[in-house]
Amino acid sequence: LLPLPAMGATASASSKVEPILKERKQPSPASGDWSSRSKKIFQSGSIRFSGGPIRRPARWARLPANCDEVAVARQLLDLWELEAPSAVISLIGPSHAGLAVGIDAGDTRALHDAIKACCPAFPLKEFRDGLRHALSKSGSWLITDGVDDGVGGLLGRPGPRDTQDASRCIGINSWSSIQGREGLELTKSGQCLIYDRASGRGAAPLQPQHGSFLLLDTDPAQAGGGGRGGATRPEEVVLREALERHINSEDLSGDGVKTPIVLVLINGNAGELRRVNDALMRGTPVLAVLGTGGAADDIHALYSWQAEHDGRAATGDSAMRGEHEHAEWLQPGPRKSKEYMETARRLIPNILVYGARTGANASPQLAFFRFDSESDDTPDFSNALLSSLLDSCVHDQDDIMLAVQWGQPEILDTVLERSAFSVGEKSSRIVAAFEAALLRVASGLQGPEIVDVLLNLTQVDPSGVRLDRLFAESENRYELDVWYSHFTKTGQRGECKTARHFGVKGSGNGNRWMDVLDTHVPEYLEHLIARSKIYAVAHGTVWSARGGLNSGHDGDYQAVATTWTDLVLWAVLIGNIELARRMWSKTRQPMRAALIASQLCRSLSKKNHLFSDSKDLLELSLEYERWAIKCLDAISSAEEAMPLLTLVPTITPRAAKAGEPTPPPIKLWTESPLDSAICDDEPSEACKHFVTHRHVRLLLRSFFSGDYPGSKARIDRNAWAIEVAIQVFLFFLPGTVCEVMDPRIKVADSESAGEHEAEGAVTAAACMASELDNLHWDAEYLQEPTNHDSQSDWRRENSFADVWDDMRSLRAVHFFSVPMVKFVTYGLSSIAYNLCLTILIICDPRPQQLGRMLPFAPFTAASGGFDFLELFFWLWSGLRLYAEIREIPSYNLKGLRIYWKPLWNKMDVVNLIIVAIIVVLRMGCSAGAGDGGTGSAYFGSLCDGTEDSCPVAHCDILEEWTRVLYGFLALSNWFRLIQLFDYWERFGQLRIIFFKMVATDFLYWMVFVVFISLGTGVALAAMIPNRMFAPKFPDLHNSPLWAPVWGLLGDFDLDVVEDAIGWNSAGAPPTRSIVPLTILVYMLMANVVLVNLLIAQMSSTYEALMEVATEEWIFNRAHLILEFKDSKRTLPPPLNIFTLLLWDVPSALIWACRGVPPKPPGLASLLQGLKYYSPPRVLLWAMQRECTACAEVVKGMSRANSIDNMVDAMHDELKDGQEGLQRSIAELNAKLDRMTSRLANGIAPSPQRRASVVRASRTSIASAEPQAENLPPVRGIVGPAILPPNHAPAFLASLPPIHAATDAISAAEVQLRASAFRIRLVSDSLNEERDAYLSAHRSVSTDVRNSRSTYVHVHEPPFSGRDDTPSNWVLEPSGAPGSFRIRLVSSAPSMPAGQYLNVHRNASGTMDSRTPSSTYVHVHEQVAGSSDLASEWVLEPANGHADGYRIRLNSSFHGATAGWYLSVHRKADCPDVRSALSTYVHVSKFNEDSDLEPNHWVMEPVHYK
């Protein structure tokens, strides 16, 4: 005995027994004092079914007769801890076949067997699969009578490996009718018993597919009473109805919907008719399964009759159509008693009237379902059950929530189409259903198709979605700390920092999602604040801290309304790309949303704790970036893409009162999409693939040429750098070499906008803040951005008028502010700076020292001080330092970090530091040099300068260090000029490859070189100690310690080594042999292995980098363009001294005196980066154009996904076919091995072996099919030849003797029909051994020829059930001597016995024809008066098989020619294959020239009933 799981204590626990003893408020009638006596009876336990699978034991409880339904529900939910149901499916029908109506079956037969026997087309398997699918999808309880002979038996018996949890299947019946109840009664409460269904008293065994049994202790005299049509219903039925009503009235699952219920009617008698009538009166939906007979078919008969007689008026007083015409639709049949007929005539019209009523979803409460034998009805029946459950919903739109929870897109589609709310209506229930769908998809409980239905058929308002709930109930996929602290139950739920910016006090519940997004998405908080402000502008209110959109939430307050972009980021953080794609398709700025998602994944991939997920995150990042690229691809014109790439949605609110200053503009985003893609500052990540798009490249060229908002001048974007350089020198003749023009894109002027423009601004603000789809605007109001390109009159080019226009319009001055012009001027300035340094180092410009190399005259005492060139160089360096300081974006830690990131800025800082050190050294050495001392108080304090041991005081040492620093400065400055070549693609690619090789290949290679060279140098130093010395500075040339380094470069002096080791001296040490050998090994290792290794590694790196060098170059060029557009000032050093003196110094003085900080000129601060601030009409046009492009992308992605699915399906089919082919090859190899072994041994199968096989087969069949009664035992047929060929009398004589029946048939036919045969195929057409039986049944759709005939096949073992059991045949002598008719004598599914083996072609010849010389064989029912449907056959002895025959057709009919043989083989271009183990049979013409031989068959005798 095993303890019952989750049952708690035994029956002594009175606290758990008392609820069951509670009386019902309206007790059911009882006879005598049975009810009062049963109050004391309560018992429970668990059972395991013998012979069943190993799974959770089923629980049972013996209940008092008048127990309360509430107490029963508590027994199921609290004590047995069943999962609360989301719905209830109740199967109703007769308890066994004896009570079934319209079924002619014995009283002891189970209902499912009776239905299958009387209705062969009823698919029990599809019924069970559909019911199981509906239960698993809806989380329903299934309530039946719980016994195997009733409707509960329709669930079938579990297989040996069926581990499905059956706890949701509940059986309710009476205790007195249960078989084996005495064993349960003896079991102690709370114990487990092995239940044997075949033992014990009672008529109804428990059904093993149930997990819970409620057995009501009723009066045995009333058990089953009323089931035959009596007016009194059994107590268990009353309890079951009360329990169903109680569950239907409560929301047990907590999903906000009262538990729906549906009654499924199977057959049915008078009692079921009353139950259906009462249920429909209460509004409970009913689903009648047709084809089961009884009440279900009779209700549908009246329904069909009314449909046919639609115009016929009702007769009689009741005004119910069909009641008085019951003779036309209510036909008598088996077990349709007079009482049932009267009940049906009276109630079925009422049932149709009540069933036509509609519930909350406008659907009739009565539905019918009929199984179609030609198709798989599992999904259809499941959907019918779920649809009927939705008809039970009490409130409007509850069915939408249930359809979402069940994950049924088809049902949800139907529900939404028939729902009462109109398209576009904002519904809180739709939003709740949308939230539930998102959570179920996020948790993996269902696919994203349910979200597609909601998005396509409803206007979902994202502002109502509670993101806090989505984050709280979703998995923290990437283990984010802020997520854990805010939403994990075990977390501390820290303070919501973001909510403080919106005036939300307290814990910030409802706004914690903002902390998560702001932590991982740069500047998202500013975006949230701007959204709140823009929404206030759109609604004409003044923004406040609590200006959020969604203040109407129950409970937690959400300060900012949710948008589709927020949902995209939530989907990205949970790692669900399918949800992200669907949310992304609804955003108003899909390119920006995709870029943010890509950058978010790339930043997460750098987290240390996500190292294992970094590869997947990078793949997701690339996928999101592809979405943005596809949006750009959908826009064919670069001019259209330009505003989309640079758009920054900005709204300028109007002043609250007249005369007040206009408030500052509100930017929804701080950066444009292209700015965010280029930015690679922490925590942002660049999207380099997006930047390399052709539209982006053209846009960068336009910005580089000065064609951007806020620019004062522009040049041709195809202008060459040499043209610009020449024009810079010819500044006094503007536009002569490089034409200067006005910019095409103007800055939007919000102050001059009219009233209509202001309304457009409000509309644009609402669109951008809420991302709603139902905000419409006038199409004529939209304006595509146009670039006003002033067509140049080339006849006026380079004329005096053109030069005068450029000078008068100040374009000649603004020419130097064009980014490309600044690039050229700064490049020329850098080159001049390096030339100045070179001249300073190489020669002294003074006449008396002209031509002297490295004089450094200023350092000598005779020079008397500094010369002008060195002072000018120092001044120039100071101005470069000033220019670098002005390039810092902001004077804080973030600005310094941004400035310090590029390599070139680091080199600039290092170079300026070197110049500063040089200045200090030169100042210290030159002051007082004429007095012969140090000339510096600082250096003089260290020593007096007269001692030789004072190294710091001597200027010669300082001069040496100064020369070294000047050398390093020259090297660094000339190397710094490499950045200028990034402008040209080829140079930029080589620079990128060079830097990459140095940073990776060369550094790793140097590790080997250092260790190998250092080891060799130390070894040589030990072997040649007389060459080691320690000067003031190490001798890097002659020391053996550094010799391997120079040897690597080919400068290894062997003569020095020879002198050192004393090669020619007498008594030379042993090192004279070891040292050369060491040098030889090192030179081989270094010059052969290491050098070639470096070359090979660099070659591989070059090939790999050339594929991405263009992408990297474009990205670097974009940063170069941004640097010269925003960071570099107009005049380069040293010309920036004019800007310093005329602007910066006065501004600094004003700031110091008045405290007013200087303002940047014009729109410089507003137009930083790649931005475009458009008027409202252009903003709306851009949004519409981007959404259109996104729709095209989503459509293409859906089409690609469908193609991918088709390819995957084809791949699976090919894989299955390949596996099948491999199995066939393995079988052929096994047969070849057997044949080879037989040929090798020279032994054929003996007759004794064949006889033993026949006897074994006969014994197994006899055990499965017992002999008929009243027949004596039949002796077996002995001998190898059980059928003499072509001789009917001899064949009849070989049959065993049998007592003839007293009827009109002949004794020969009696003997013939007494013995049947199984026809076994023993060799195929290739003369290979086979083992397959001739069979005829309908288990697949291709078996059916027509309603009277079925194709015949052969089936190979193993045989697993009724569907492939070999058929039994008898041979009946025909009119022709020696020929037989072969008749089927065994029944099969949908195949009654008595049909004859037949061959003929239909009229068209398309049905039966296989090839011109072969025809498929079938069995056909014999038609009265016709013998053509039974072909005649002849058995010919087979060569090589002593007991085998060839079966030849002996009659011709409709294209079937006599002389053809019964054959089986698979041809590639014929539909011969039936399944993996079965093949269709045909007759074919024998051709002696063919390799195909007629098949050989063996007749195995079988004795049958």
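Per chain, residues are indexed from 1 in the order of the written sequence. Local features are withheld for residues below a pLDDT of 70 in this predicted model, meaning they are given only at 70 or higher, and side-chain atom pairs are given and counted only at 80 or more; totals for whole chains, interfaces and linings count all residues. Note that water and hydrogens are dropped before the side-chain values are worked out from all heavy atoms of the structure.

To continue, consider the overall build of the chain. A run of H or I in DSSP becomes a helix once it reaches four residues, and a run of E becomes a strand once it reaches two; helices and strands are each numbered from the N terminus. A count of helices and strands for the chain gives 48 helices and 32 strands. When accessible area is computed with a 1.4 Å probe and restricted to protein chains, residues below 20% of their type maximum are described as buried, those above 50% as exposed, and intermediate ones as partly exposed. In the chain, which comprises 1505 residues, the share counted as buried stands at 50%. By sequence separation, contacts in the chain at least 24 residues apart represent 69% of the contacts at least 6 residues apart. About 70800 Å² of surface is accessible on the chain, with carbon and sulfur atoms providing 57% of the total. The criterion used for residue contact is that any of the two residues' heavy atoms lie within 4.5 Å. All accessibility values rest on the Shrake-Rupley procedure with a 1.4 Å probe; residue burial counts only the protein chains present in the view.

Next up on the list: the pattern of salt bridges. Only one rule defines a salt bridge in this text: a Lys or Arg side-chain nitrogen within 4 Å of an Asp or Glu carboxyl oxygen. Applying the stated rule across the entire model yields 42 salt bridges. Arg811 serves as the salt-bridge partner of Asp742, at 3.6 Å between the closest nitrogen and oxygen. Residue Asp742 is found in the loop between strand E14 (740-741) and helix H30 (755-770), and its partner Arg811 is found in helix H32 (residues 811-814); the two are separated by 69 residues along the sequence. Among the ionic pairs, Arg1448 bridges to Glu1436, the shortest N-O distance being 2.3 Å. With a gap of twelve residues between them, Arg1448 in strand E27 (residues 1445-1449) and Glu1436 in strand E26 (residues 1433-1437) connect regions that are remote in the sequence.

This part is about helix H13 (residues 398-406). In terms of residue burial, H13 counts as a mostly covered element, since nine of its nine residues are buried. Among the residues making up H13, those that are buried are Asp398, Asp399, Ile400, Met401, Leu402, Ala403, Val404, Gln405 and Trp406. One or two residues past the end of H13 sits Gly407, with phi positive at roughly 70 degrees.

On to the confidence of the model for the chain. Interpretation of the predicted coordinates at a detailed level should be avoided for regions scoring low in pLDDT. What pLDDT expresses is the predictor's confidence in each residue, scored from 0 to 100. Averaged over all residues, the pLDDT of the chain equals 75, while 71% of them reach at least 70. Between residues 223-230, whose pLDDT stays under 50, and residues either more than four places distant or in other chains, the model counts 19 contacts. Taken as a whole, residues 546-555 scores under 50 in pLDDT and shows 24 contacts with residues more than four places along the chain or in a different chain.

Considering the arrangement of structural elements, one finds His1400 in the loop between strand E22 (1396-1398) and strand E23 (1409-1411). With a relative accessible area of 8%, His1400 lands in the buried category. A polar contact is formed between the side chain of His1400 and the side chain of Asn1398, at a distance of 2.7 Å. For the purposes of these results, a polar contact is taken to be a pair of N or O atoms within 3.5 Å, where, inside protein, one atom must be able to donate a hydrogen and its partner to accept one; residues adjacent in sequence count only when each atom of the pair is a side-chain atom.

What follows covers a negative patch on the surface. On the surface, Asp1212, Glu1213, Asp1216 and Glu1219 cluster together into a negatively charged patch. Along the chain, the position of Asp1212 falls in helix H45 (residues 1176-1241). Each patch is assembled from residues with relative accessible area greater than 30% and no salt bridge, linking like charges that lie within 9 Å and nonpolar side chains (Val, Leu, Ile, Met, Phe, Trp, Tyr) that lie within 5 Å. Two residue types count as positive, namely Lys and Arg, and two as negative, namely Asp and Glu; His and chain ends fall outside the count. We put the charge of a Lys on NZ, of an Arg on CZ, of an Asp on CG and of a Glu on CD.

As a further point, take the packing of aromatic side chains. Each aromatic ring pair is specified by the distance between its two centres and by the angle formed by the two planes. What counts as a ring pair is set by centres within 6.5 Å for rings of Phe, Tyr and Trp (its six-membered ring), and what kind of pair is set by the plane angle: stacked under 30 degrees, edge-to-face over 60, tilted for all other angles. For the structure on display, the rule yields 36 aromatic pairs. With 5.4 Å between their ring centres and 15 degrees between their planes, Phe703 and Tyr708 make a pair best called stacked. On the basis of relative accessibility, which here comes to 1%, the residue Phe703 falls in the buried class. Residue classification places Tyr708 among the buried positions, given a relative accessible area of 9%. Residues Tyr833 and Phe873 carry aromatic rings whose centres are separated by 5.0 Å and whose planes lie at 20 degrees to one another, so their mutual orientation is stacked. Taken together, the positions of Tyr833 in helix H33 (residues 819-842) and Phe873 in helix H34 (residues 868-886) put the pair 40 residues apart, joining distant regions of the chain. In this structure an aromatic cluster arises from ring pairing among Phe704, Phe823, Tyr826, Phe981, Tyr983, Trp984, Phe987 and Phe1124. In this scheme, the term charge over a ring applies when either NZ of a lysine or CZ of an arginine sits within 6 Å of the ring centre and within 35 degrees of the ring normal. The aromatic ring of Phe995 is capped on one face by Arg991, whose charged end is 5.0 Å from the ring centroid. Cation over ring: Lys1125 sits above Tyr708, and NZ or CZ is 4.7 Å from the ring centre.

Strands sit in the order E6-E1-E2-E7-E5-E4-E3-E8-E9-E10 across an open sheet of ten strands; the sheet is mixed. Both outer strands of the open sheet, strand E6 (192-195) and strand E10 (366-369), are each paired with one neighbouring strand and no more. Averaged over neighbouring strand pairs, the angle between their axes works out to 25 degrees when direction is ignored. When DSSP finds two or more bridges between two strands, those strands count as paired. To get an axis, fit a line to the C-alpha atoms, keeping to the stretch in contact for a helix; angles then go from 0 to 180 degrees between the N-to-C directions.

With respect to the helices, strands and loops of the structure, Leu455 is situated in helix H16 (residues 449-457). Residue Leu455 is classed as buried on the basis of its relative accessible area of 9%. Residues Leu455 and Met583, 128 residues apart in the sequence, show an inter-C-alpha distance of 9.1 Å. Beyond its immediate chain neighbours, meaning those up to four positions away, Leu455 contacts Phe434, Val460, Trp564, Arg582, Met583 and Lys586.

Below, the discussion takes up the nonpolar core. Membership of the largest hydrophobic core comes to 175 residues, with the highest contact counts inside it found for Ile89, Phe434, Val451, Phe471, Trp584 and Phe690. What Phe471 contacts, discounting residues up to four positions off in sequence, is Trp483, Phe487, Trp513, Val516, Leu517, Trp570 and Leu573. Ala288, Ala295, Leu347 and Ile348 belong to the second-largest nonpolar core, a separate cluster that totals 48 residues. For our purposes a nonpolar core is just a set of buried Ala, Val, Leu, Ile, Met, Phe, Trp, Tyr and Cys residues, chained together by side-chain atoms within 4.5 Å.

With that out of the way, let us pick up the environment of Leu1334. By the secondary structure assignment, Leu1334 is in strand E16 (residues 1329-1335). Overall, the relative accessible area of 1% leaves Leu1334 in the buried class. Between the C-alpha atoms of Leu1334 and His1355, which are 21 residues apart in sequence, the distance is 6.8 Å. When residues no more than four places from it in sequence are discounted, the contact partners of Leu1334 are Ile1319, Val1352, His1353, Val1354, Ser1367, Trp1369, Leu1397, Val1481 and Trp1497.

Moving on: a nonpolar patch on the surface. A surface patch of nonpolar side chains, amounting to about 620 Å² of accessible area, comprises Leu1077, Leu1080, Val1081, Leu1084, Met1085, Val1088 and Val1089. Following the sequence through the fold, Leu1080 ends up in helix H42 (residues 1071-1106).

Position of Ser1367 among the secondary structure elements: in the loop between strand E19 (1353-1355) and strand E20 (1369-1373). A polar contact is formed between the side chain of Ser1367 and the backbone nitrogen of Ala1336, at a distance of 3.0 Å. For Ser1367, the residues in contact, after removing those within four places along its chain, are Phe1317, Arg1318, Leu1334, Ser1335, Ala1336, Leu1384 and Ser1386.

A word on empty space enclosed by the protein. Grid points spaced at 1 Å and placed over the protein atoms alone form the basis of the search, with a cavity being a set where a 1.4 Å probe fits but cannot get out and a pocket an open set showing protein on both sides within 12 Å along at least five of seven lines. Lining residues have an atom within 4 Å of a point. Grid points are joined across faces, edges and corners, and a volume is the space filled by probe spheres set on the points. Throughout the structure, instances matching the rule amount to eleven cavities of 30 Å³ or more. In this structure, the largest cavity is lined by 19 residues; those nearest its centre are Tyr826, Ser830, Arg880, Arg976 and Lys1128. For the lining of the largest cavity, the secondary-structure elements that each account for two or more residues are H33, H34 and helix H38 (955-976). Counting residues per element, the lining of the largest cavity draws most heavily on H33, at six residues. Residues were grouped as follows: Ala, Val, Leu, Ile, Met, Phe, Trp, Tyr, Cys and Pro as nonpolar; Asp, Glu, Lys and Arg as charged; and all remaining residues, including Gly, as polar. Split by residue class, the lining of the largest cavity holds seven nonpolar, six polar and six charged.

When you tally the buried positions in helix H22 (residues 577-584), you get six out of eight residues, the bulk of the element. Buried within H22 we find Leu579, Ala580, Arg581, Arg582, Met583 and Trp584. A distance of 3.2 Å separates the backbone nitrogen of Glu578 from a side-chain oxygen at the start of H22, and that oxygen is part of Asn576.

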